[in-house]
Amino acid sequence: MQSSNQKSGFTVRLAGPDAPGNPGTGSSGKSFMMRRRNRHGRGLRGEVMLPTHPGYRTRSDRFDDMVLDSAQRLHDIWGKTLDGVRFGVDEIPPDLEQLAANSASAPMGSYTPAADGEGPMITVYRRVVEHGCPGPEELQDLVHDVVVEHTAEMLGVAPETLDPVYRRRY
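To keep things clear, this report deals only with the structure shown in the data block. Fair warning: this is a prediction, and the values are worked out from it, not measured in the lab. (Residues numbered from 1 in each chain as written. Predicted model: local features only at pLDDT ≥ 70, side-chain atom pairs only at ≥ 80, totals over all residues. Heavy atoms only, no water.)

A few words now on the nonpolar core. Core analysis: the largest hydrophobic core is formed by 26 residues, its most contacted members being Phe63, Val67, Val129 and Val143. Elements represented by at least two residues in this core include exactly helix H1 (59–78), strand S3 (86–90), strand S5 (121–125), helix H3 (126–132) and helix H4 (139–155). A per-element tally of this core places H4 first, with 8 residues. Among all residues touching Val143, those that are not within four sequence positions of it are Phe63, Met66, Val67, Ser70 and Val129. (Core = buried A, V, L, I, M, F, W, Y, C linked by side-chain atoms within 4.5 Å. Buried < 20%, exposed > 50% of the residue type's maximum accessible area, 1.4 Å probe, protein only. Helix = DSSP H or I, 4+ residues; strand = E, 2+ residues; numbered from the N terminus. Contact = heavy atoms within 4.5 Å.)

This is the structure we're talking about:
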């Protein structure tokens, strides 16, 4: 998680170019642009969708947008109260192996208080949220609920008072 996207006083960490699952490298170690033909010599193979088309975005990119949309919605409602709050996306919780060894359920997000000049951080764990979602059409609602719950924890208020459309789903 190296690059960041800043908007209206909060940030969302995005995956860097060396993150696993980046579509730029093939199994041979060469990038798509370095490979000229497929293994049968029938020409170029690669992405069906061009990078300029909206469908080119990956699931990870769309998930980052969902977190950013939820954070923006809360910022529009609460204004200056959420200035300086950082919103992040990680693939999995850092202590997932220990949670699995103890048969505990993995958290869908976390709240880290402000420290060392950095603002408070709300992190959403993409793989856990996707796995806990009953279907792809409810993913946006679940992401918003996770963001609302951890923001409410940070502010010390009930999630229902933070956002009127919040419904506990899990």
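Tracing the chain through its elements places Asp69 in helix H1. What makes Asp69 partly exposed here is its relative accessible area of 46%. Sequence separation between Asp69 and His144 is 75 residues, and the spatial gap between their C-alpha atoms is 8.4 Å.

Turning next to unusual backbone geometry. A negative phi angle characterises most non-glycine residues, just as the trans form characterises most peptide bonds. A positive phi angle is found at Ser103, which is not glycine, with a value near 60°. Relative to the helices and strands, Ser103 is located in the loop between helix H2 (96–101) and strand S4 (109–112). With a phi angle near 55°, Asp116 is a residue other than glycine that sits in the positive phi range. The topology assignment puts Asp116 in the loop between S4 and S5.

Let's shift gears to the pattern of salt bridges. Scanning the model with the defined rule gives 6 salt bridges in all. The shortest N-O distance in the salt bridge between Asp163 and Arg73 comes to 2.9 Å. Pair noted here: Asp163 is in the segment after helix H5 (159–162) and Arg73 is in helix H1, with a separation of 90 residues, a long-range link. Ionic pairing is found between Glu118 and Arg86, a salt bridge with its closest N-O pair at 3.3 Å. Of this pair, Glu118 sits in the loop between S4 and S5 while Arg86 sits in strand S3, and the two are 32 residues apart along the sequence. Using a relative accessible area of 25% as the deciding quantity, one classes Arg86 as partly exposed. Counted as one network, the salt bridges with shared partners bring together Glu91, Arg126, Arg127 and Glu130. (Salt bridge = Lys/Arg side-chain N within 4 Å of Asp/Glu carboxyl O.)

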